[in-house]
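Chain by chain, the residues:
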Amino acid sequence: TKLDHEFRLPGIPTPALAISPDGKSIATDRSGNRDMVQIREASSGKLQFSLKTKIDVHHDTLTFSFSPSGRYLLMPRHVWDLEGPKVVWEEPTVDRFVATSNRWTSRGAGWAWDDEHIVVACDGRYTLWNWPKNERLVTFAFLPDSNWVALNHQNGHWTGSRNLHRYVQFQQGAAKTA
């Protein structure tokens, strides 16, 4: 597959780029516009369609990736079914950690091991989702001063570092970051 001139854009920062597992499609923010991702044929560069990113330009990193089967495209807050194309999942809440000194909020996402499981990252927190069922499975969070916590959302069990109580409040059996 030749991508020579199609993705060289003088004066525009290097675009984000993802190649489908079968190598037939490319996703790119070729226009340099963070609110739109273009899906193109890899062999010709021909535009197939464009997708609205729905990202928060102040907090989200423009990342996107094809699912292992190539059917879905994951962006920081949602999953697109490329056979539609249409949004088939959106993260239900934007529950960010309260920023502490020398920390900032940013969001990204990636596929876990199949088309049903994704990891959404925000600051030092990583949440594993089964997105078709809209279920949080596990959250692992890095806290200040080398502390950490892991929470199993399915059964409410948690574990963490010795001093995590300084950063996490437990209410009605669920952990909430302070």
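What you are looking at is a predicted structure, and each value in this text was computed from that prediction instead of being measured. (Residues numbered from 1 in each chain as written. Predicted model: local features only at pLDDT ≥ 70, side-chain atom pairs only at ≥ 80, totals over all residues. Heavy atoms only, no water.)

1. Points about the nonpolar core
No. 1: Counting residues in hydrophobic clusters, the biggest one holds 13 residues, and the most contacted among them are Ala27, Val37, Phe64 and Leu73.
No. 2: Secondary-structure elements contributing two or more residues to this core are strand 3 (36-41) and strand 6 (72-75).
No. 3: Here Leu73 is in contact with Ala27, Val37, Ile39, Leu51, Phe64, Ser65, Phe66, His78, Val79, Trp80, Leu82 and Trp111, once residues within four sequence places are set aside.
No. 4: Among the nonpolar cores identified, the runner-up in size contains nine residues, and Leu74, Trp89, Ile118 and Trp129 belong to it. (Core = buried A, V, L, I, M, F, W, Y, C linked by side-chain atoms within 4.5 Å. Buried < 20%, exposed > 50% of the residue type's maximum accessible area, 1.4 Å probe, protein only. Helix = DSSP H or I, 4+ residues; strand = E, 2+ residues; numbered from the N terminus. Contact = heavy atoms within 4.5 Å.)

2. What about the pairing of strand 3?
No. 1: Here four bridges tie strand 2 (residues 25-28) to strand 3, and the two strands are oriented antiparallel to one another. Paired with Thr28 across the strands is Gln38, a residue of strand 3.
No. 2: With five bridges joining them, strand 3 and strand 4 (residues 47-52) adopt antiparallel strand pairing. What sits directly across from Val37, in strand 4, is Leu51.
No. 3: In sequence, strand 3 turns back onto strand 4 through a hairpin of five residues, with Gly45 there showing a positive phi of about 80°. (Pairing = 2+ DSSP bridges.)

3. Digging into the sheet that holds strand 5 (residues 65-66)
No. 1: Here four strands make up an open sheet; going across it, the order is 5-6-7-8 and the pairing antiparallel. Strands with a single pairing partner mark the edges of an open sheet, and in this sheet they are strand 5 and strand 8 (86-90).
No. 2: Note: strand 7 (residues 78-81) against strand 8, four bridges, orientation antiparallel. Each bridged residue has a counterpart across the sheet, and for Trp80 the counterpart in strand 8 is Val87.

4. A look at the packing of aromatic side chains
No. 1: Evaluated as defined, the whole model comprises six aromatic pairs.
No. 2: Ring geometry for Tyr126 versus Phe142: centroids 6.2 Å apart, planes at 85°, classification edge-to-face. Of the two residues, Tyr126 sits in strand 11 (residues 125-130) while Phe142 sits in strand 12 (residues 135-143), which places them 16 residues apart along the sequence.
No. 3: A residue is classified by how much of its surface remains accessible, and Tyr126, at 37% relative accessible area, is partly exposed.
No. 4: A relative accessible area of 43% means that Phe142 is categorised as partly exposed. (Phe/Tyr/Trp six-rings, centres within 6.5 Å; stacked < 30°, edge-to-face > 60°.)

5. Some remarks on the pattern of salt bridges
No. 1: Applying the stated criterion to the full structure yields three salt bridges.
No. 2: As a salt-bridge pair, Asp81 and Arg71 come within 2.7 Å of each other at their nearest N and O atoms. Of this pair, Asp81 sits in strand 7 while Arg71 sits in the loop between strand 5 and strand 6; the two residues are ten residues apart in sequence, bridging distant segments of the chain.
No. 3: Where Glu83 meets Arg71, a salt bridge forms, and the shortest distance between an N and an O atom there is 3.6 Å. Here Glu83, found in the loop between strand 7 and strand 8, pairs with Arg71, found in the loop between strand 5 and strand 6; they are twelve residues apart in sequence, far enough to count as distant.
No. 4: Classification of Arg71 by relative accessible area gives partly exposed; the value is 32%.
No. 5: Each of Arg71, Asp81 and Glu83 takes part in one network of salt bridges that share partners. (Salt bridge = Lys/Arg side-chain N within 4 Å of Asp/Glu carboxyl O.)

6. Concerning the side chain of Asp115
No. 1: Its place among the elements puts Asp115 in the loop between strand 9 (107-111) and strand 10 (117-122).
No. 2: Here Asp115 occupies a buried position and makes no salt bridge, while the nearest side chain of opposite charge, Arg71, is found at 6.8 Å.
No. 3: Engagement of the side chain of Asp115 in a polar contact is seen with the side chain of Ser69, the distance being 2.3 Å.
No. 4: For Asp115, the residues in contact, after removing those within four places along its chain, are Ser67, Pro68, Ser69, Tyr72 and Trp131. (Lys, Arg positive; Asp, Glu negative; His and termini not counted. Polar contact = N/O pair within 3.5 Å; in protein donor to acceptor, adjacent residues only side chain to side chain.)

7. Structural notes on the sheet that holds strand 11
Where strands meet in a sheet, backbone hydrogen bonds hold them as pairs that are either parallel or antiparallel.
No. 1: Spatial strand order, 9-10-11-12-13-14: six strands in an open sheet with antiparallel pairing. A strand with exactly one partner marks an edge of an open sheet, and here the two such strands are strand 9 and strand 14 (158-160). Direction aside, the axes of adjacent strands within the sheet are offset by 15° on average.
No. 2: Pairing geometry for strand 12 and strand 13 (residues 147-152), over six bridges, is antiparallel. If you follow Phe142 over to strand 13, its bridge partner there is Trp148. (Axes fitted to C-alpha atoms, helices over the stretch in contact; angles between N-to-C directions.)

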